[in-house]
Every structure is written in structure tokens, then in C-alpha cells.
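Residue strings, one per chain:
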Amino acid sequence: MRKINRFILVLFLAAVSTVAFGQSSNFTFGLLMVGPYNDHGWSQANYDATQYVVAKTPGTQMIYLDKVNPADRPGTTASQLAESLVAKGAKLVIFSSDDMSDEAVKFAQAHPDIFVIMSSGDQVWKDGKNAKNIPNMVNIMGRMEYGKMIAGVAAAITTQTGQIAYLGPLANDETRRLASSVYLGAKYAWTKYLNRDISKLKFKVTWIGYWFNIPGVTSDPTQVADDFFNSGYDVVVSGIDTTEAVTEAVKYAAQGKRVWAIPYDYVDAIKEGNAVSLGVPYFNWGPAYVSAIKSAMTGKWTSHFEWNGPDWKNINNPDTSAVGFNRGSVLSKPAAAGVDKFIAELSKGLNLWKGPIVLQDGTTYLKDGVAATDQQIWYLPQLLQGIEGQSVSK
Amino acid sequence: MRDSRGMRAFFQVGGIVFALALTTVVLVASKAPPFAAYLNIALGAFGSWEVFSNVLVSWVPLLLATSGLLLTFTVGLWNIGIEGQITFGAIFATWAMRSLQGGGTDPAFVIMLSILAGALGGILWAMLAGALKTFGGVNEIFGGLGLNFVATAVNLWLIFGPWKRPGIASMSGTVPFDKALWLPTLTAQSRLSPSSIAIAVAGIVLVYVLISGTHFGLRLKAVGRNPRAAYLLGIPTWQYMMTSFAICGAFAGLAGAIQVTAVYHRLIPSISSGYGYLGMMVAMLVNYRAALAAPVALFFAALNVGSIQLPIVLKLDSSLAGVLQGTLVLFVLLAQGAREFFARKGGKR
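No experiment lies behind these values; they were computed from the predicted model shown.

### So, the pairing of strand E6 (residues 163-168) of chain A
Where a strand is regular, its side chains alternate between the two sheet faces.
Residues and elements named next belong to chain A.
Here's step 1: Most of E6 sits inside the fold, with six of its six residues counted as buried.
Here's step 2: Direction of pairing for E6 relative to strand E7 (residues 202-207): parallel, over a ladder of six bridges. Paired with Gln163 across the two strands is Lys202, which belongs to E7.
Here's step 3: One crossover worth recording links E6 to the parallel E7 by way of helix H6 (residues 173-193), and it is right-handed.
Here's step 4: By the bridge criterion, four bridges tie E6 to strand E8 (residues 235-238) in an arrangement that is parallel. The partner of Leu167 across the bridge, within E8, is Ser238.

### Some thoughts on the packing of aromatic side chains
Residue and element names in this part refer to chain A.
Here's step 1: Within this structure, the stated rule accounts for 37 aromatic pairs over all chains.
Here's step 2: Each ring, one from Trp125 and one from Trp307, has its centre 6.3 Å from the other, and the planes form 65°; the classification is edge-to-face. Placement of the pair is Trp125 in the loop between strand E4 (115-119) and strand E5 (137-142) and Trp307 in strand E11 (residues 305-308), with a sequence separation of 182 residues.
Here's step 3: In this structure Trp307 comes out as buried when scored by relative accessible area, which is 8%.

### Looking at the sheet that holds E11(A)
Residues and elements named next belong to chain A.
Here's step 1: Taken together, six strands build an open sheet; the order of strands is E2-E1-E3-E4-E5-E11 and the sheet is parallel. At either end of the open sheet lies a strand with only one pairing partner, and these are strand E2 (60-65) and E11. Taking each pair of neighbouring strands and ignoring which way they run, the sheet shows an average axis angle of 20°.
Here's step 2: The pairing of strand E1 (residues 27-32) with strand E3 (residues 90-95) spans five bridges and is classified as parallel. Of the residues in E3, the one forming a bridge with Phe29 is Leu92.
Here's step 3: Packed on one face of the sheet, helix H2 (residues 42-56) meets E1, E2, E3 and E4 and runs near 165° to E2.

### A closer look at the packing of helix H3 (residues 78-87) of chain A against helix H4 (residues 101-110) of chain A
Residues and elements named next belong to chain A.
Here's step 1: Where H3 meets H4, the closest approach of the two axes is 8 Å, and the angle between their N-to-C directions is 50°. Overall, the two elements H3 and H4 adopt an arrangement that is oblique. When you trace H3 past H4, the crossing you get is right-handed. The segment H3 lies against H4, with Ala78, Ser79, Ala82, Glu83 and Val86 engaging Glu103, Lys106 and Phe107.
Here's step 2: Tallied by class, the residues present in the contact of H3 with H4 amount to four nonpolar, one polar and three charged.

### So, the nonpolar core
Here's step 1: With 229 residues, the main nonpolar core has A:Leu32 and A:Phe95 as its most contacted residues.
Here's step 2: With 14 residues, helix H10 (residues 237-264) of chain B is the largest single contributor of residues to this core.
Here's step 3: The next biggest cluster of nonpolar side chains, apart from the first, holds 17 residues, and it includes A:Val224, A:Val236, A:Tyr252 and A:Val259.

### Regarding a nonpolar patch on the surface
Residue and element names in this part refer to chain B.
Here's step 1: On the surface, Phe109, Met112, Leu113 and Leu116 cluster together into a nonpolar patch covering about 360 Å² of accessible area.
Here's step 2: Positionally, Leu113 belongs in helix H5 (residues 107-136).
Here's step 3: Residue Leu113 is classed as partly exposed on the basis of its relative accessible area, which comes to 31%.

### Here's the deal with the side chain of A:Gln123
Here's step 1: Looking at the secondary structure, you find A:Gln123 in the loop between E4 and E5.
Here's step 2: Excluding residues within four positions of it along the chain, A:Gln123 makes contact with A:Ser101, A:Val105, A:Met118, A:Asn130, A:Ala131, A:Lys132, A:Met137 and A:Asn139.

### Some details on the confidence of the model for chain A
Here's step 1: Averaged over every residue, the pLDDT of chain A is 91; residues scoring 70 or more account for 93%.
Here's step 2: Below pLDDT 50 for its whole length, residues 9-25 of chain A participates in 28 contacts with residues either more than four positions away or in separate chains.

### Things to note about the domain arrangement of chain A
Residues and elements named next belong to chain A.
Here's step 1: Structurally, chain A comprises domain 1 (25-142 + 285-308) and domain 2 (145-280 + 324-378).
Here's step 2: Relative placement of domain 1 and domain 2: their C-alpha centres are 28 Å apart.
Here's step 3: Listed per partner, the contact involves 22 residues of domain 1 and 19 residues of domain 2.
Here's step 4: Summing both partners gives a buried area of about 1800 Å² for domain 1 against domain 2, and 59% of it is carried by carbon and sulfur.
Here's step 5: When the buried surface of domain 1 facing domain 2 is broken down by residue, His40, Trp42 and Trp307 rank first, second and third, together holding 34% of it.
Here's step 6: Joining domain 1 to domain 2, the criterion identifies zero salt bridges.
Here's step 7: Counting across the domain 1 and domain 2 interface gives six residue pairs in polar contact (both at pLDDT 80 or more).
Here's step 8: Contributions of two or more residues to the side of domain 1 that touches domain 2 are made by H2, E5 and E11.
Here's step 9: Ranked by residues supplied to the side of domain 1 that touches domain 2, first place goes to H2 with four residues.
Here's step 10: In the side of domain 1 that touches domain 2, the residues fall into eight nonpolar, eight polar and six charged.

### What to know about the domain arrangement of chain B
The parts lose accessible area when they come together, and the size of an interface is often stated as this lost area.
All names here are of chain B.
Here's step 1: When cut into domains, chain B gives domain 1 (1-32 + 316-349) and domain 2 (49-309).
Here's step 2: A separation of 28 Å is found between the C-alpha centroids of domain 1 and domain 2.
Here's step 3: The interface of domain 1 with domain 2 comprises 11 residues on the first partner and 12 residues on the second.
Here's step 4: Between domain 1 and domain 2, the buried area comes to about 980 Å², and carbon and sulfur atoms account for 68% of it.
Here's step 5: In this structure, the connection of domain 1 to domain 2 is made through zero salt bridges.

### Overview of the packing of helix H8 (residues 215-225) of chain B against H10(B)
Residues and elements named next belong to chain B.
Here's step 1: Between H8 and H10, the shortest axis-to-axis distance is 10 Å and the interhelical angle comes to 110°. As judged from the angle between their axes, H8 and H10 are roughly perpendicular. The handedness of the crossing between H8 and H10 comes out as left-handed. Where H8 abuts H10, its residues Phe216, Arg219, Leu220 and Val223 lie against Thr237, Tyr240, Met241, Thr243, Ser244 and Ile247.

### Looking at the sheet that holds E7(A)
All names here are of chain A.
Here's step 1: Judged by pairing direction, the sheet is parallel, and its four strands sit side by side in the order E7-E6-E8-E9 without closing on themselves. Edge positions in the sheet fall to E7 and strand E9 (260-262), since each of these pairs with one other strand and no more. Pairwise comparison of adjacent strand axes, ignoring direction, gives a mean angle of 20° for this sheet.

### Here's the deal with unusual backbone geometry
Here's step 1: Residue A:Pro356 follows A:Gly355 across a cis peptide bond; omega there is 5°.
Here's step 2: Along the polypeptide, A:Pro356 turns up in the loop between helix H10 (333-347) and strand E13 (357-358).
Here's step 3: The phi dihedral of A:Lys67 falls on the positive side, at around 55°, and the residue is not glycine.
Here's step 4: Relative to the helices and strands, A:Lys67 is located in the loop between E2 and H3.
Here's step 5: In this structure, B:Asn287 is a non-glycine residue whose phi angle is positive, near 55°.
Here's step 6: Looking at where B:Asn287 falls in the secondary structure, it is placed in the loop between helix H11 (275-285) and helix H12 (290-306).
Here's step 7: For B:Asn287, a relative accessible area of 29% puts it in the partly exposed group.

Reading the values: the criteria
Residue numbers run consecutively from 1 along every chain, following the written order of its sequence. The lettering of chains begins at A and the numbering of ligands begins at 1, in the order of writing. Local features are withheld for residues below a pLDDT of 70 in this predicted model, meaning they are given only at 70 or higher, and side-chain atom pairs are given and counted only at 80 or more; totals for whole chains, interfaces and linings count all residues. With hydrogens and water excluded, all non-hydrogen atoms of the structure serve as input to the side-chain values. For the exposure calls, accessible area comes from a 1.4 Å probe over protein chains only, and a residue counts as buried if that area is under 20% of its type's maximum, exposed if over 50%, partly exposed in between. Numbering of helices and strands runs from the N terminus, with a helix taken as a DSSP run of H or I at least four residues long and a strand as a DSSP run of E at least two residues long. Whether two strands pair comes down to DSSP finding at least two bridges between them. By the criterion used throughout, a crossover qualifies as right-handed when its path from the first strand across the helix to the second strand runs clockwise, the strands pointing away from the viewer. Note on aromatic pairs: the rings of Phe, Tyr and Trp (six-membered ring only in Trp) are paired at centre separations within 6.5 Å, and the planes decide the class, stacked below 30 degrees, edge-to-face beyond 60, tilted for the rest. Note on method: axes are straight lines fitted to C-alpha atoms, helices fitted across the in-contact stretch only, with angles between N-to-C directions ranging 0 to 180 degrees. Contacts are assigned to residue pairs that have any heavy atoms within 4.5 Å of one another. Comment on the angle field: the value is read as roughly parallel under 35 degrees, roughly antiparallel over 145, roughly perpendicular from 65 to 115, and oblique elsewhere. Throughout, a crossing is termed right-handed when the near helix is turned clockwise from the far one, and left-handed when it is turned anticlockwise from it by less than a right angle. Side-chain classes are defined by residue name, with Ala, Val, Leu, Ile, Met, Phe, Trp, Tyr, Cys and Pro counting as nonpolar, Asp, Glu, Lys and Arg as charged, and the others, Gly among them, as polar. The definition of a nonpolar core used throughout is a set of buried Ala, Val, Leu, Ile, Met, Phe, Trp, Tyr and Cys residues joined through side-chain atoms within 4.5 Å. Here the term patch refers to residues with relative accessible area over 30% and no salt bridge, with like charges joined within 9 Å and nonpolar side chains (Val, Leu, Ile, Met, Phe, Trp, Tyr) within 5 Å. Accessible areas in this description were obtained via Shrake-Rupley with a 1.4 Å probe; residue shielding takes into account the shown protein chains only. By salt bridge we mean one thing: a side-chain nitrogen of Lys or Arg within 4 Å of a carboxyl oxygen of Asp or Glu. Confidence scores per residue from the predictor, reported as pLDDT, run from 0 to 100. Domain start and end points were adopted from an automatic or database domain assignment. Accessible-area loss on putting two parts together, using a 1.4 Å probe and summing over both, is the definition of buried area adopted here. Two N or O atoms form a polar contact when they lie within 3.5 Å of each other; inside protein one atom must be a possible hydrogen donor and the other a possible acceptor, and for residues adjacent in sequence the pair counts only when both atoms belong to side chains.

Rendered as C-alpha cells:
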């Protein structure tokens, strides 16, 4: 009997110690992800960045919750889940999706002693439209517009049919500017590198309704990608957080079709289909997270907004570049040369967000020679002229 | 073998033990420590007042949905359309809130009207399912499922269309309501609204009294057991079915309104949060007895909230709570079936 009692005691202590873990760490921070931590997309890019933080910042420990969305965790709110992380010792919480922004603000205001990183948001951007005074919040975003433009160049040089498709999530400021950036890159390569008539390039955007498939709620991205490939679009650029564009391209390539895809978000997303992936524009959140977390640890935290670009010396440097482009082995020599040339031009100051830029409804957005401000890019009100697809959800 | 109270308890406990055993096997198979997992769920639900108040926040809409379903189950109807009724309750509550906010009306009055509008929305959507059943001959399961899809579509259309945020349509829902229009909570930090608890408790008490202490409840049971016989005895069966649909819809609508006014403070795409389906599981687990609904709903809410600890602490998927809930219902129903089988066998002897 004593042995059984001792065994139960040991089990209990082991369980309690498991429950109480994290209390001894110097600085515990938490991460909330909208999708699964291993989605090979947006959430995994954030998850890997926090692993980078732990490796680069001694004394830190990371706890996380994934699938933070009302469909996967019914009845919960992101602020409630953030409090669960705080209860386990988190002194800083990263809300890593724009969809959590209301809850992140609610949480930050209710917990002024907890540091909050709201990724991809503009809540504390002093020059933004939604500026709020939240001293414990920092906004971090990467200038993915560059990665998307590079993707557009790769797509334009690769397409055999002159038809490029964009598998979009939902229409908002962020997604409009990213889809438009792909188009700007494609248009530049099509007209400047290939010397072709822009009217011969078809560029179509279809929004599925969310960042990933929610059966019964969103359009099925697999179906949308299939529709693209079946209607002559031979390069599908993905704007969603999961890899359906690649998996469907693999399927069609296996049937003998010459099709390609460009995934998004995560550096290794091309591994889902090496034979069809031209490359992936990806986020590298690690360096910015390290900087923010170190500032919280050392008492140097100040509320601010940062929109970080690539390191033009090496856009794939994991320690310095906020966005990169991981090219696929299937990228042809001419396309690879075009991508290299384009990156070199960008590093020397080429700006495609410069007038004349006309919106989808014919309104002149930027007059000839006028460069867009950060606000004009961030808050792009419509898709650009030349893009087929809805500028706003209807 | 006699179907005694002791025998019933034996089979029910047996069902629970089997469910726990199966969940433990799942945990061991995924190389997770079962004891630590259960302990973390318990601590995550009852370890502090803060987490327990989150359990109560989840308990309110679940208990309201279960309360309504107890009535439709009593009359022999599977109101699977309850998810859509919760959604329509939320839509009507949001509509009332949007119409009245900023107009100088007293916030307490606006909240009250929104909750009542929510109940009305639930009633209307439930009556539609009832009408399809009664006048169209459409089985309430198929009609309800179809109406759930329609409700989701309407909800999404509103969020992405007429009620979208300025310039941005977002899956995060409509613009949050002004703080003055949030259902008041215990403290500024708390999510728990005493008035929502009061509504849920009043609801289950009302259902208990209706079913077990009124002529109305007796007639509902009669219709549920044998509609033909009830009709021949002079009970207007379709009217009773429609009434039970309407009351269930009111409860579902209240749940949706509370999701909007007390939990999310806006309309979101998954506003029903699956409480309708979960409520069906609770109702089945308690064998349609109102007296047990409140504690079992609390247990289910505790599993939902407590399981959040699993990914944080043990890197386990929190869907384990769903596994436990599902197996509990399955094994308790199986145990009931086994008990009835043995009771019949014993009776023959």
C-alpha cells in the first residue's frame, strides 16, 4: 500500500512540476497563432521566429497557443487565451494575426504591465489611420511588397500562357497592396525584360474569404486553384497562409500540365512541391522579435510601429533581413536571371510604387513620377488597373 | 436482472470509466502523461477564480442551448438547427445594437432590447424549421441542417457586406460596440456578467418546472412518446411541436445575444461557437433530464476551457477535450443501451 501511495505521490509531484514549469525562467514570452504552428505558412514563420528568439536571447522561454480563431477554439477570445499565457508566466505576448487586433488592443489596455507585440497591425503607428496611445504595444510588419514584386517577376518570365492568378485570402488594405505588388513586379518584367505588350498579360485575383480554408465558411482554396489551372492560368501566386496552390500544381504537373506555383509566408513552403515551386516570398520575423523582446527585458521598451524591409546586401540573411525570397530549383535560368536583375535594381533604388499608378476604377492614384508614401501603400483602397478581380468584398 | 436505481448508476459509471479509459489510451498512444493532462485540465478550469469565471462565461450559452433542446427532445424533435438559431439570435441582437447605439438611448435599455431582439431572432429561425417540419413534411434534422448553412451564409454576408468595417471586410467581424454597450461584468477585469448567469439559471429552472411540474410539460412528453396516441387523446400535436421549437429558438437566440453583448462585443463569423451541437451532447448525456443539465454543462464548459492548458504546458492538441466529450456521450449511451438490454432480458426471465 505504501508503495502505491509513494507512486501516486511521485506522479502528483511530476504533474505539478509540469504544470508549474516556466516559473523559473528569466523572461517567458507567449505567442498566439491563428493557424497550426506547423502550417508551413504564416503561423509557422512566426513559430520559427520565436525559436530563433530563444536561441539568440539567453534567459528567454517561449510558450504558445496555436489555432487561435473562433472556428478552431469556439467560445474563446484571443485576449482570454493571452491571459492563459500570462497565467503561465508570460511577460510579453505576441498576437501574430491581424484578425486578433481588436482583442490585442483590449488585452493591452487591460494589462498595461504586459508587453504586447501586435504583428502586421498599425494600432500604434503615429502616422497611421488607426493610431492609439497604447504604451505597452509595438507593431511589427515586414515589407513583403518587395517579396511579392519579386514573385511577380518570376511569374511573368515563367508563364507560357500569359495568365497569372493570385489566390487571395480576403480583401483588405494588406492583401490589396500585396496582390498589387505582385502585379507591379509582373508588369515590370513583362514590359521591361520581355518587351511584351501589357495588354497581353492577364492577371486575376480570387479571394477565398479567409487566410486558410474553413470548410463551409470560405471558398475551398483547392477548388479555386483547380479552377485557375483549368482555365489557362499556368502560374498561381498564393496569398493565403496554407499551401493549396502548390499541392494542386503538383497534382496537375503529375498529369503532364506545365504549371507552377508560388507559395507565401514560410521560407520552406517550396518543399511542399519542389517540382512546381518557382520560389517563395517569406517573412523572417526573428530579428525584429529579438529586438523587441530584448528591449522589454532591458527596460528600453517604447511603443512604436516598424515596417522592416529586406537587407539588400543579402535578402536571405536570417539575422538581418525581415523579408526574403527563397527561389525554387525549378526556376528557369532566364527567370532566375530576371529575378537577380530585379533584386539588384531594387537595391539600387528602383521603386515600382511610383506614378503613374491608376486604380481599378480608373482613378489616378499617383501622378507621373510621384512616389507613394508609406501610408498610400499601406492603405491601398483598390486593386490596380490591369488586375481582374474584386477590390473589395461584396 | 431488475432495472433498479443501483443498476442504472452502475451502467452510467461504467460508461464514464470506459470513456476515461479510452481517452487515457489516446493520451498514452500520443506519448503524453495522462495524469498530468487531466490535472492540467482541472487546474485550467478550476485553478483560480479567473479561469473558473471563464468556465462560467462558456457555461452560460451552453446551458441556454441545452435548456432549449431539452424541450424539443421532450416532444421528440431533433432540433439540429439550433446552431442557426443561435446565429440568428446574434444577428438580431447586433442589428438592434447597431440601430440604437449612438442615438442617445440609455445603454442599459439598448442592451436589454438587443437581448430581447436576439430571442426574437432565434424564435423566428426555429419557427421556420418547425414550419418546414409541420407544413412541408421536411424532417427537422435535414431542415435544420439546411437552415444552419443559410444562417451562416447570411451572417457572413452581413459581416462582409452591409455591416463590414469601414474600408475593410474582416473575418474578425463587425466593428466592436461601444464599451458602454457591453453587458456589465463583475469587475472591470472580469469577463463574467452576473446578468447572463441569472438568465441561464432562470432558463434552466423554467425548463425544469415546465417539463416536470406543469400540464404543458406532461403533454409535451405525451407527444414525444407517441404523437398519434397524444393526438387521439385530444392534444394538438403540431401546435405543441411548434411551441417547443419557438421556446427552444428563444433560448438559442438568447445564447446568441449573450455571445454578442457579453463575450465578443461584435458579430463574428463563428458566433454560435458550436454551442448548439455541444448542447445536444449534454442533453443526450443527461438523458434529457433537466435537473442534471446545469452540472453536466458546467463539466463540458470546464473541459473546453481547461483543455487550453494542454498545448501551453504539454504541447498537446487541446482537441483532446472533444475526444473526451465525444467518448463520454458515446459510452454513456452505449451503457444505457446495455442496461435496457439486460433489463429486458431479466424481465423475460
